[in-house]
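# Structure at a glance
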Amino acid sequence: LDQYKNIISSVFPSHGIQFFVDEKRRISSHPLCRYIIGILELISSNWQYISVFSFLKTGLYERNMLLVDKLENEILAKGIKGKSGVKGWVKYTEKCKAEIAEASEKGLTYRNDIAAKLLAVKLFNDVESFREEIKKSKSVSECCDAVVRFLIKTEIYKKISAIAAELRKQGRLD
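Residues numbered from 1 in each chain as written. Predicted model: local features only at pLDDT ≥ 70, side-chain atom pairs only at ≥ 80, totals over all residues. Heavy atoms only, no water.

## Side note on helix 3 (residues 49-56)
This is how the line gets drawn: Type-normalised accessible area, obtained with a 1.4 Å probe on protein chains alone, sets the label of each residue: buried when under 20%, exposed when over 50%, and partly exposed for intermediate values. Put simply, DSSP H or I for four residues or longer makes a helix, DSSP E for two residues or longer makes a strand, and each gets a number counted from the N terminus.
The element helix 3 is largely enclosed, with a buried count of 6 among its 8 residues. Within helix 3 the residues assigned to the buried category are Tyr-49, Ser-51, Val-52, Phe-53, Phe-55 and Leu-56.

Dropping the structure here:
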């Protein structure tokens, strides 16, 4: 079946034939799994650059990848990576808050650089409150509850439902 899968996938839809190819998929490639693993890696790595942007690039925390790219470029330009970890992010988000307040006073809140700073502050607040919940957990069950609360807080069901609806419209049900 593997040798015919690509042919079937292109020919059948063009003739209006519905089909399903049952194949094994790695659970780690599922976006929700990558999101959960990503948030756990982010807090366990103490805000290392690669963990932060692996998490953001799942597209489930923030769907606007141009905004994520803008934030990534800004973080790289500021040198917040490696050992700076959470301390670097604390300093960065404090500066962001001041710049957001200043831009707000001037009515400039919709510029991309301000939007990237808003994303940074929101991400930092969400992740640090999740980290505190995890630290307070006394059992695996409590940790799992904290993960579920994080998923609810970040409206993951709504986001995945929207993605599924888009894929359904495109006929990409696999």
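Back to the text.
## As for the nonpolar core
Here is the rule: Residues belong to a common nonpolar core when they are buried Ala, Val, Leu, Ile, Met, Phe, Trp, Tyr or Cys residues joined through side-chain atoms within 4.5 Å. The contact definition used throughout considers only heavy atoms, calling two residues in contact when any of these lie within 4.5 Å.
By size, the foremost hydrophobic cluster in this structure holds 38 residues, and its most contacted members are Trp-47, Phe-53, Phe-55, Leu-56, Leu-71, Trp-89 and Leu-123. Mapped onto this core, the elements with two or more residues apiece are helix 2 (31-44), helix 3, helix 4 (65-78), helix 5 (85-106), helix 6 (112-136) and helix 7 (140-153). Here the element with the most residues in this core is helix 6; it accounts for 10 residues. Apart from residues lying up to four places away in sequence, Leu-123 is in contact with Trp-47, Val-52, Phe-55, Leu-56, Tyr-61 and Trp-89.

## Observations concerning the pattern of salt bridges
Heads up, the rule is: Any Lys or Arg side-chain nitrogen located within 4 Å of an Asp or Glu carboxyl oxygen qualifies as a salt bridge.
In this structure the tally under the stated criterion is 11 salt bridges. The residue Arg-63 makes a salt bridge to Glu-166 at a minimum N-O spacing of 3.2 Å. Taken together, the positions of Arg-63 in the loop between helix 3 and helix 4 and Glu-166 in helix 8 (residues 156-169) put the pair 103 residues apart, joining distant regions of the chain. Using a relative accessible area of 38% as the deciding quantity, one classes Glu-166 as partly exposed. Close ionic contact of Glu-74 with Lys-117 constitutes a salt bridge, the shortest N to O distance being 2.4 Å. Placement of Glu-74 in helix 4 and of Lys-117 in helix 6 is noted, with a sequence separation of 43 residues between them.

## Remarks on a nonpolar patch on the surface
Using the following cut-off: Like charges are joined within 9 Å and nonpolar side chains (Val, Leu, Ile, Met, Phe, Trp, Tyr) within 5 Å, but only among residues with over 30% relative accessible area and no salt bridge; these make up the patches. Per-residue and other accessible areas were derived by the Shrake-Rupley procedure at a 1.4 Å probe size, with only the shown protein chains allowed to occlude residues.
Together, Tyr-4, Ile-7 and Val-11 make up a nonpolar patch on the protein surface, roughly 280 Å² of accessible area in all. Within the element layout of this structure, Val-11 appears in helix 1 (residues 2-14). Val-11 gets classed as partly exposed once you look at its relative accessible area, which sits at 34%.

## Brief notes about the state of the cysteines
How we decide: Two cysteine sulfurs form a disulfide in these notes if their separation is within 2.5 Å.
With the rule as written, the count across this model stands at 0 disulfides. Not engaged in a disulfide, the cysteine Cys-144 finds its nearest cysteine sulfur in Cys-143; these two sulfurs lie 6.9 Å apart. According to the relative accessible area criterion, Cys-144 is partly exposed, its value standing at 43%.

## Examining the packing of aromatic side chains
Where two aromatic rings form a pair, the distance of their centres and the angle of their planes describe that pair. Heads up, the condition is: A pair of aromatic rings is counted whenever rings of Phe, Tyr or Trp (Trp by its six-membered ring) have centres within 6.5 Å, and the orientation is called stacked for planes under 30 degrees apart, edge-to-face for over 60 and tilted otherwise.
For the structure shown, the criterion picks out 9 aromatic pairs. Between Tyr-49 and Phe-53, the aromatic rings sit 5.2 Å apart at their centres with planes inclined by 45°, giving tilted as the arrangement. Pair noted here: Tyr-49 and Phe-53 are both in helix 3, with a separation of 4 residues, about one helical turn. Grouping residues by exposure puts Tyr-49 and Phe-53 together as buried. Both rings, one in Phe-55 and one in Phe-150, keep their centres 6.5 Å apart while their planes meet at 45°; by these two values the pair is tilted. In this pair, Phe-55 is assigned in helix 3 and Phe-150 in helix 7, connecting sequence segments 95 residues apart. Classification of Phe-55 as buried rests on a relative accessible area of 0%. In this structure Phe-150 comes out as buried when scored by relative accessible area, which is 4%.

## Looking at the side chain of Glu-128
Rule in force here: Polar contact is the term for a pair of N or O atoms within 3.5 Å; when the atoms are in protein, one must be able to donate a hydrogen and the other to accept it, and sequence-neighboring residues count only if both atoms are side-chain atoms.
In this fold, Glu-128 is placed in helix 6. A distance of 3.1 Å separates a polar atom in the side chain of Glu-128 from a polar atom in the side chain of Arg-131.

## Some points on helix 8
This is how it is decided: Given the number of residues in a helix, its expected span is that number minus one, multiplied by 1.5 Å.
Taking 1.5 Å of rise per residue, 14 residues should cover 20 Å, and helix 8 covers 20 Å from first to last C-alpha, within 8% of that figure. Just downstream of helix 8, Gly-171 is the residue with a positive phi angle, here 75°.

Note that all results are geometric; they support no functional claim without further evidence.
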